[in-house]
Amino acid sequence: RLSRCSENEELDEVASADLKFLLLPALLGALTLKQVDLSRRQQHLESARDHFLHFLKLCRSYGLGTFQLPPTAPGEEGSGSPPGPGDPPGAQPSLVAMAMSRNAKIERYKQKKELENKLASMRSFVESGTADEDQIREFYILQIQKWISTSLEELESIDQEMVILKSRAAARQTPAAPHGPSRPVRAPVRPFILTRDAAQARVFGAGYPGLPTMTVDDWYKQRRRQGIVSGQSVPPPGVSDEELQKQQQEKKEEEDDEEALQKARNWDDWKDTHPRGYGNRQNMG
C-alpha cells in the first residue's frame, strides 16, 4: 500500500526522510474516526480499525516497539494470554487477563508520557531545520512509537463502541414485549343524577342542557343486570326503610323465630300495662 515502505525491508534500509510515511495508516484511522455521519458510524469504525491494524502490523514487521497485536475482528478469541498451570478453571483466566490488560495500559501510559516529553524537546530542532540526520531519524521513530500506543488505545475504544452499536441495532429489530396483561377498555361513564322516585326524576330532568336522571329503583335494576348487585339486596320499588323493617319483622315471626316472638310478646304486655300517653306529664290534655 505504501510505495516508499515495504514490509520485506529492514528498518535500517528505510531512509530517515521516509520514516514519516509509516504514520500514514495511523493518521488515516484518526481522520476516519472524526467523521460525523451517524448513519455510517459502524462503517467508519470498521474502516478506522483496518487502518490502525495495518499500521501496527507494519510497525511489527519493522520491529518498532514490543506490543501484542489485537484480534483481526472484534470479539475474536486468542488475543489474551493462556492460563497458567496453577490457575483454576472458570473465572480465574479472566481475572488474570484483566490484571495483565490493566498493567499493560499503565505501562503504555508511562511510555507515552516519556515519548511526548522527548518529542517536545526535539520538535524545535527538527522544524527549524537545524537537526542532523540522526536526530531526524530518532524524532520520527519516537513519533511512530507514540502512535503505536495511540493506535492500541483507539482499537480498544472502537471495539467497545462497535459492541454498543450492534446491541442497539438488535434492540431496534426486536419488538418490545408487553409489560403485563392488557386491560379491557372501559367505556367512559357519563354523569347522571340519582333521584328517589320518578316524580323527582322528572323535576331534575326538566332543565336544558340537563344531566340524565335515574331513580334508585332503575339504578338497582341496572346494577343487577350488570351482575354487580345481587337480587336479594334490591328493595321493592316504593317501599320505605320503616316498612321494609316491619315486613322483615313479620317474616321472622311467621318463621317462628323465638327471639322475634319473645320480643313481640314483651311489647304486647308492655302496651297492656302502659296505655297510650302514659308518662306524658307535659301535655296533660
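Just so it is clear, the model here is predicted, and its values are computed rather than measured.

1. Things to note about the overall build of the protein chain
Part 1 of the argument: Along the backbone of the protein chain there are eight helices and two strands.
Part 2 of the argument: Ordering the α and β elements of the protein chain from the N terminus gives α-α-α-α-β-α-β-α-α-α.
Part 3 of the argument: The buried share among the 285 residues of the protein chain stands at 22%.
Part 4 of the argument: For the protein chain, the share of sequence-separated contacts (at least 6 apart) that also reach a separation of at least 24 residues comes to 52%.
Part 5 of the argument: Entry remark: accessible area of the protein chain is about 21700 Å², with carbon and sulfur atoms responsible for 51%.

2. Comments concerning the pattern of salt bridges
Part 1 of the argument: Using the criterion set out here, one finds four salt bridges in the structure.
Part 2 of the argument: Between Lys-113 and Glu-116 there is a salt bridge, with its nearest N and O atoms 3.9 Å apart. With Lys-113 and Glu-116 both in helix H3 (residues 92-128) and three residues apart, the pair spans about one turn of that helix.
Part 3 of the argument: Glu-116 sits in the partly exposed class, given a relative accessible area of 28%.

3. Here we look at the nonpolar core
Part 1 of the argument: Within the largest apolar cluster, 36 residues are counted, with the highest numbers of intra-cluster contacts made by Phe-55, Leu-64, Ile-144 and Ile-148.
Part 2 of the argument: Taken together, the elements giving at least two residues each to this core come down to helix H1 (24-33), helix H2 (41-62), H3 and helix H4 (133-173).
Part 3 of the argument: Top contributing element to this core by residue count: H4, with 12 residues.
Part 4 of the argument: If we skip the residues at most four places from it in the chain, Ile-144 touches Leu-19, Leu-22, Leu-23, Phe-55, Cys-59 and Leu-64.

4. Notes on the confidence of the model for the protein chain
Part 1 of the argument: In this model, the protein chain carries an average pLDDT of 75, and 65% of its residues clear a pLDDT of 70 or more.
Part 2 of the argument: Taken element by element, the predicted model of the protein chain shows its lowest mean pLDDT in helix H5 (residues 198-204) (64) and its highest in H1 (93).
Part 3 of the argument: Considering only residues more than four positions removed or in separate chains, one finds that residues 77-91, a stretch of pLDDT under 50, has seven contacts.

5. Comments concerning the packing of aromatic side chains
Part 1 of the argument: Overall, the coordinates contain two aromatic pairs when judged by the stated rule.
Part 2 of the argument: Considering the side-chain rings of Phe-139 and Tyr-140, the 5.7 Å spacing of their centres and the 65 degrees angle between planes classify their relative orientation as edge-to-face. In terms of burial, Phe-139 and Tyr-140 fall into one category: buried.
Part 3 of the argument: Taking the centre distance of 5.7 Å and the plane angle of 10 degrees together, the rings of Trp-267 and Trp-270 count as stacked.

6. What about the packing of H1 against H4?
Think of two packed helices as two axes; the pair is described by the angle between the axes and how far apart they sit.
Part 1 of the argument: Where H1 meets H4, the axes come as close as 11 Å, and the angle between the chain directions of the two elements is 40 degrees. H1 and H4 meet at a crossing whose hand is left-handed. Counted together, Ala-26, Leu-27, Ala-30 and Leu-33 of H1 and Trp-147, Ser-151, Glu-154 and Ile-158 of H4 form the full contact between these two elements.
Part 2 of the argument: For the contact of H1 with H4, a count of residues per class yields six nonpolar, one polar and one charged.

7. Examining the packing of H1 against H2
Part 1 of the argument: Closest axis-to-axis distance for the H1/H2 pair is 7 Å, and the angle between their directions is 165 degrees. Considering the angle they form, H1 stands roughly antiparallel to H2. H1 and H2 meet at a crossing whose hand is left-handed. Touching Pro-25, Ala-26, Leu-28, Gly-29, Ala-30, Thr-32 and Leu-33 of H1 are Arg-41, His-44, Leu-45, Ser-47, Ala-48, His-51, Phe-52, His-54 and Phe-55, all from H2.
Part 2 of the argument: Residues of the contact of H1 with H2, tallied by class, amount to nine nonpolar, six polar and one charged.

Definitions and cut-offs
- Residues numbered from 1 in each chain as written.
- Predicted model: local features only at pLDDT ≥ 70, side-chain atom pairs only at ≥ 80, totals over all residues.
- Heavy atoms only, no water.
- Helix = DSSP H or I, 4+ residues; strand = E, 2+ residues; numbered from the N terminus.
- Buried < 20%, exposed > 50% of the residue type's maximum accessible area, 1.4 Å probe, protein only.
- Contact = heavy atoms within 4.5 Å.
- Areas by Shrake-Rupley, 256 points an atom, 1.4 Å probe, with all protein chains shown as cover.
- Salt bridge = Lys/Arg side-chain N within 4 Å of Asp/Glu carboxyl O.
- Core = buried A, V, L, I, M, F, W, Y, C linked by side-chain atoms within 4.5 Å.
- pLDDT = per-residue confidence, 0-100.
- Phe/Tyr/Trp six-rings, centres within 6.5 Å; stacked < 30°, edge-to-face > 60°.
- Axes fitted to C-alpha atoms, helices over the stretch in contact; angles between N-to-C directions.
- Left-handed = near helix turned anticlockwise from the far one by under 90°.
- Nonpolar A, V, L, I, M, F, W, Y, C, P; charged D, E, K, R; others polar.
- Parallel < 35°, antiparallel > 145°, perpendicular 65-115°, else oblique.

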